[in-house]
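Take a look at the letters that make up each chain.
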Amino acid sequence: MIRLIGYFFGIGTVLALLAAGAVAVYVGDATKDLPDYEVLSKYEPPVTTRVHASDGALMAEFARERRLYLPIQAVPDRVKAAFLSAEDKNFYSHPGIDVYGLARAVITNVRNMSTGARPVGASTITQQVAKNFLLTSKQTIKRKIREAVLAFRIEQAYTKDRILELYLNEIFFGLGSYGIAGAALAYYDKSVNELTLEEAAYLAALPKGPGNYHPFKNTERAIERRNWVIDQMQRNGYATPEDALEAKNKPLGVNPRKRGTYIFAADYFTEEVRRELISRYGQDALYEGGLSVRSTLDPKLQVMARAALHTGLMKYDRLRGFRGAVTRIDIGADWGVPLGEVKGLSDVPEWILAVVLRADETGLEIGLQPGREVSGDLKPERETGFVELDDMKFAMRYYEGDRRQKAKSPADVLASGDVVFVQKKPEGGWTLEQPPEIGGALVAMDPHTGRVLALAGGFSYAQSEFNRATQAYRQPGSSFKPFVYAAALDNGYTPASVILDGPISIKSGNKIWEPKNYGGGFAGPSTLRLGIERSRNLMTVRLAKDMGMNLVAEYAERFGVYDDLGLYLPNALGSSETTVLRMVSAFSVMANGGKQIKPSLIDRIQDRYGNTVFRHDERGCDGCVATGWNGQGEPELIDNREQVLDPMTAYQITSMMEGVVTRGTAVSVSKKLGRPVAGKTGTTNEEKDAWFVGFTPNLVVGVYMGYDTPRPMGKGSTGGGLAAPIFSDFMVAALEGTRPVDFRIPKGMKLIRINRKTGMHAGDGEADTILEAFKPGTGPADSYTVIGLEDIGLQERAEKISPTASKAIVSGAGGLY
């Protein structure tokens, strides 16, 4: 018997050795070519890029994986406890593998073999790090062996806190979020420091299967799993029985964070920032680089810009009548279903889609789209309202094909089933609304820095993503004239120089160009000031011809209006295309005293580690980095920007544009603002484009209106009538509560009283005079000289100006006209 026992023992030993050898060979083969776990020390996961406004408010987030990296020191103990209780309660004591947990899993899996249930895992947090970072998710023995070996090695190479940090920042939580910080924002719209016990427990329940515990699709399972985590936290001493019971009795309370632009009315601005970031660093850096971007946006001014542009566009559009319903639906028994499928304008929350249920001579009975908020409350499924006739009067002029008709009753305009936009009135009831067909843009800029403070690229980004402030190249018309006049003032002319405002013919090859003033007519010899105040085309062409288009082009390119302006006289009248942003930037040079600026929507960009990789402000300050005070003076910022225009010229042209708003084509601006303001209107041929660009000493604003596909806007649709009121509305709101500031007169500049018509010295008591600004060494002319008379005879010129002009002799201190 002893011999038999020894025999079997020997066989068993041999078999055991063979099995051990086989296991050793298998393990050796399984662990051959293991991934290098040292890469974990260089872990840089895809991180969300965040864009903030100038006041620090979050504007937008861009990410493929919505993750914010959080150091372990910043993770609250409550959150750590929730994950340790849910995933690995012995994390801080085991060497990488939890033997007791593994044994429990083996026993459970043996019991479940006959049921076909999915095997229960026993992976520690360290093993999950090894799997998530270095291996695949395949359920194989070979992968588990490789995972275990890597877990041992990772435990030897890194601290427990570092391993937990890697885990909490890498795992997927659902709703597009990765990492605990991203999950806290995605599910509860709060930081990890604000998470309550039940919220932390729910997030800790998600890594096992975010889809299985979806807060809305699988609410009961989600609560069950969350409560299990809370029980584990209580059992492990992380929560008292009272706190655990209170937490388990609460609902999930999930409040998903909305995506897109977080600041109202900033969609166009945000998209422009996104495009610039891609242009600078590429898409991977934007969506994975974790950049921190501080934009120049002023949220308050942005809302004002939107309101002013909306008012102007809608006012013009309403005068043109109603173009018809958004679409038609079958109202049937339940009109709420088809109406709910119609897409509205998400960035115009004041407007709600509604279906016409009945139309008669008194107005419209409407049904409101379900699911949209009204005054902060969710509407019932089938809420109705009424649009009175007085609240839809603009629609009584409507289009039938290309012909505009006048309706006698609302029933002539709309019928049951028509879907329209409506807006709730403060006093109750509804008004009919219509998205304007006309396009427009507004840009507001700090002239001293080039920072874009507000940018509205159209009526609605949801309606059209085309940014009319930066992407629409349109003719600026007469709003370009200040650059022609500035070039002249910088090269020997004065505001009192006299130019003939009369007919002119320009021959080019076999063609003859004969420009006209807007509205026709001629004013005869006039000063440069009168020419720009009254926006005289003929004077501007003569001035450009006299000094040469090469000089005009040089200044236009120096100001940044164009990159390469053609040397053609029509371009002196703004016939070459540019953008609103470029025009505002160019006017800023005149507003700041002639300093070159670089327009920017971004103040600063930092990488994921907080290093500044871009700063818009390029001014130097050597004294700002002093380590101590050794009697030196206060540090000074060094402005090294190029002086592209003489400061005195800048003041002269500014003073002349002040005349535009006090006596010229934009007098409505001066009346409404009641403070020093300068600007210039612009209207192109056939009224296809309307502009106004104006400024105070510290704010430049440009406004443009026109159809996206250029076509006439109608007789009288000028920059002074369309764009200037939008400018005024914005400036009234933007400057409310601020003290009026005068434009600064450069040192050495002389103010001399002259006759407004002749530009000569004004005598005592003389009427129609003005204080004009002159540079040192210049002043009113001693003799009366008219630019533009020298090329042809006086008699011929006089006959062209008017039938009676040839018989009139106008004296003028040493000259005749």
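Residues numbered from 1 in each chain as written. Predicted model: local features only at pLDDT ≥ 70, side-chain atom pairs only at ≥ 80, totals over all residues. Heavy atoms only, no water.

1. Overview of the overall build of the chain
Check the secondary structure of the chain and you find 23 helices and 30 strands. Looking at the 817 residues of the chain, the share that counts as buried comes to 51%. Taking contacts inside the chain between residues at least 6 apart in sequence as the whole, the part at least 24 apart equals 69%. (Helix = DSSP H or I, 4+ residues; strand = E, 2+ residues; numbered from the N terminus. Buried < 20%, exposed > 50% of the residue type's maximum accessible area, 1.4 Å probe, protein only. Contact = heavy atoms within 4.5 Å.)

2. Observations concerning the sheet that holds strand S4 (residues 172-174)
Pairing within the open sheet is mixed, and its three strands lie in the order S3-S5-S4. Either end of the sheet is taken by a strand with one partner, and the two such strands are strand S3 (66-67) and S4. As paired elements, S3 and strand S5 (residues 177-178) share two bridges and run parallel to each other. Within the sheet, the bridge partner assigned to Arg-66 lies in S5 and is Ser-177. (Pairing = 2+ DSSP bridges.)

3. Some points on the packing of aromatic side chains
Applying the stated rule across the entire model yields 20 aromatic pairs. With centroids separated by 5.0 Å and ring planes inclined at 80°, the aromatic side chains of Phe-91 and Tyr-92 adopt a geometry described as edge-to-face. Three or more aromatic residues joined by ring pairs form one cluster here, namely Phe-480, Phe-483, Phe-559, Tyr-562, Phe-587, Phe-695 and Phe-743. Directly above the ring of Phe-91 sits Lys-160, whose terminal nitrogen or CZ lies 4.6 Å from the centroid. Between Arg-280 and the ring centre of Phe-614, over which it is positioned, the NZ or CZ distance is 3.9 Å. (Phe/Tyr/Trp six-rings, centres within 6.5 Å; stacked < 30°, edge-to-face > 60°. Lys NZ or Arg CZ within 6 Å of the ring centre and 35° of its normal.)

4. Some thoughts on the sheet that holds strand S19 (residues 498-501)
Taken in spatial order, the three strands line up as S22-S19-S30 in an open sheet, and their pairing is mixed. This sheet does not close on itself; its edge strands, each paired only once, are strand S22 (524-527) and strand S30 (786-787). Bridging between S19 and S30 involves two bridges; their strand directions are parallel. What sits directly across from Ile-499, in S30, is Ile-787. The sheet strands contacting helix H17 (residues 537-547) are S19, S22 and S30, and the helix crosses S19 at an angle near 125°. (Axes fitted to C-alpha atoms, helices over the stretch in contact; angles between N-to-C directions.)

5. Some details on unusual backbone geometry
A positive phi angle, near 55°, is found at Leu-175, a position not held by glycine. You can see Leu-175 is positioned in the loop between S4 and S5. Phi is positive for Asp-189, which is not a glycine, with a value near 55°. By secondary structure assignment, the location of Asp-189 is in the loop between helix H7 (179-188) and helix H8 (197-205).

6. A few points about the pattern of salt bridges
Opposite charge on two side chains permits pairing when their charged atoms draw close. Throughout the structure, instances matching the rule amount to 48 salt bridges. The closest approach of N and O atoms between Arg-275 and Glu-272, which form a salt bridge, is 2.4 Å. Note that Arg-275 and Glu-272 are positioned in helix H11 (residues 267-281) at a spacing of three residues, about one turn of the helix. Residue classification places Arg-275 among the partly exposed residues on the basis of a relative accessible area of 26%. In this structure, Arg-529 engages Glu-772 in a salt bridge whose closest nitrogen and oxygen atoms are separated by 2.6 Å. (Salt bridge = Lys/Arg side-chain N within 4 Å of Asp/Glu carboxyl O.)

7. Section: the environment of Ile-171
One can find Ile-171 in the loop between helix H6 (160-170) and S4. Here the alpha-carbon distance between Ile-171 and Asn-132, two residues 39 residues apart in the chain, equals 7.8 Å. Other than its neighbours up to four places away in sequence, Ile-171 contacts Phe-83, Asn-132, Ser-177, Tyr-178, Gly-179 and Pro-207.

8. Here's the deal with the state of the cysteines
Considering all chains together, one arrives at one disulfide under this definition. Between Cys-621 and Cys-624 runs a disulfide, and the two sulfur atoms are separated by 1.8 Å. Disulfide Cys-621-Cys-624: torsion about the S-S bond near 70°, hence right-handed. Residue classification places Cys-621 among the buried positions, given a relative accessible area of 16%. (Disulfide = S-S within 2.5 Å.)

9. Section: the pairing of strand S12 (residues 384-388)
Of the two faces of S12, the one lined by Gly-385 and Val-387 is fully buried and the one lined by Thr-384, Phe-386 and Glu-388 carries no buried residue. Sheet topology places strand S9 (residues 363-368) next to S12; five bridges connect them, and they run antiparallel. Bridged to Gly-367 within S12 is Thr-384.

10. Here's the deal with the side chain of Gln-652
Within the secondary structure, Gln-652 is located in helix H20 (residues 647-662). The class of Gln-652 is buried, set by a relative accessible area of 2%. A polar atom in the side chain of Gln-652 sits 3.0 Å from the backbone oxygen of Ala-773. Sequence-distant contacts of Gln-652, that is, excluding residues within four places in its chain, are made with Leu-489, Pro-495, Met-749, Ala-773, Phe-774 and Lys-775. (Polar contact = N/O pair within 3.5 Å; in protein donor to acceptor, adjacent residues only side chain to side chain.)

11. Observations concerning the packing of helix H15 (residues 481-489) against H20
Put simply, H15 and H20 touch, their axes get as near as 9 Å, and they point 135° apart. Taken together, the axis directions place H15 and H20 in an arrangement best described as oblique. H15 and H20 meet at a crossing whose hand is right-handed. Contacts from Pro-482, Tyr-485, Ala-486 and Leu-489 of H15 reach H20 at Thr-649, Gln-652, Ile-653, Met-656 and Met-657. Considered class by class, the residues forming the contact of H15 with H20 number seven nonpolar, two polar and no charged. (Parallel < 35°, antiparallel > 145°, perpendicular 65-115°, else oblique. Left-handed = near helix turned anticlockwise from the far one by under 90°. Nonpolar A, V, L, I, M, F, W, Y, C, P; charged D, E, K, R; others polar.)

12. Here we look at the side chain of Ser-535
Relative to the elements of secondary structure, Ser-535 occurs in the loop between helix H16 (528-533) and H17. Classification of Ser-535 by relative accessible area gives buried; the value is 11%. A distance of 3.1 Å separates a polar atom in the side chain of Ser-535 from a polar atom in the side chain of Ser-478. Other than its neighbours up to four places away in sequence, Ser-535 contacts Ser-478, Lys-481, Leu-530, Thr-665 and Lys-680.

13. Thoughts on the environment of Glu-533
On the secondary structure map, Glu-533 appears in helix H16. Among all residues touching Glu-533, those that are not within four sequence positions of it are Met-656, Gly-659, Val-660, Arg-663, Gly-664, Thr-665 and Arg-756. Side chain to side chain, Glu-533 and Arg-663 meet in a polar contact 2.6 Å long. A polar contact is formed between the side chain of Glu-533 and the side chain of Arg-756, at a distance of 3.2 Å.

14. Brief notes about the pairing of strand S1 (residues 49-52)
Put simply, side chains in a regular strand alternate between the two faces of the sheet. Bridge count between S1 and strand S2 (residues 58-62): four bridges; the pairing is antiparallel. Paired with Thr-49 across the bridge in S2 is Phe-62. Linking S1 to S2, which pair antiparallel, is a turn of five residues; within it Gly-56 sits at a positive phi near 95°. Across three bridges, S1 lies against strand S6 (residues 292-295) in parallel orientation. Each residue of the ladder has a partner; that of Arg-50, found in S6, is Ser-292.

15. Some thoughts on helix H2 (residues 77-87)
Burial analysis of H2 places nine of its 11 residues in the buried class, which makes it a mostly covered element. Each element contacted by the buried residues of H2 is listed here: helix H4 (125-134), H6, S4, H7, H8 and helix H9 (219-235).

16. Regarding the confidence of the model for the chain
Per-residue confidence for the chain averages 89 on the pLDDT scale, and 88% of its residues sit at or above 70. In this model, residues 372-378 is a region of pLDDT below 50 whose contacts with residues beyond four sequence positions or in other chains number 13 contacts. Taken as a whole, residues 801-817 scores under 50 in pLDDT and shows 27 contacts with residues more than four places along the chain or in a different chain. (pLDDT = per-residue confidence, 0-100.)

17. Concerning a nonpolar patch on the surface
Together, Ile-745, Leu-751 and Leu-771 line one region of the surface with nonpolar side chains, adding up to about 250 Å² of accessible area. The topology assignment puts Leu-751 in strand S28 (residues 750-755). (Patch = residues over 30% accessible without salt bridge, like charges linked within 9 Å, V, L, I, M, F, W, Y side chains within 5 Å. Areas by Shrake-Rupley, 256 points an atom, 1.4 Å probe, with all protein chains shown as cover.)

18. Considerations on the packing of H9 against helix H10 (residues 241-248)
The N-to-C vectors of H9 and H10 enclose an angle of 175°; their axes lie 10 Å apart at closest approach. The orientation of H9 with respect to H10, classified from their angle, is roughly antiparallel. For the pair H9 and H10, the contacting residues are Arg-226, Asn-227, Ile-230, Asp-231 and Gln-234 in the first and Pro-241, Ala-244, Ala-247 and Lys-248 in the second.

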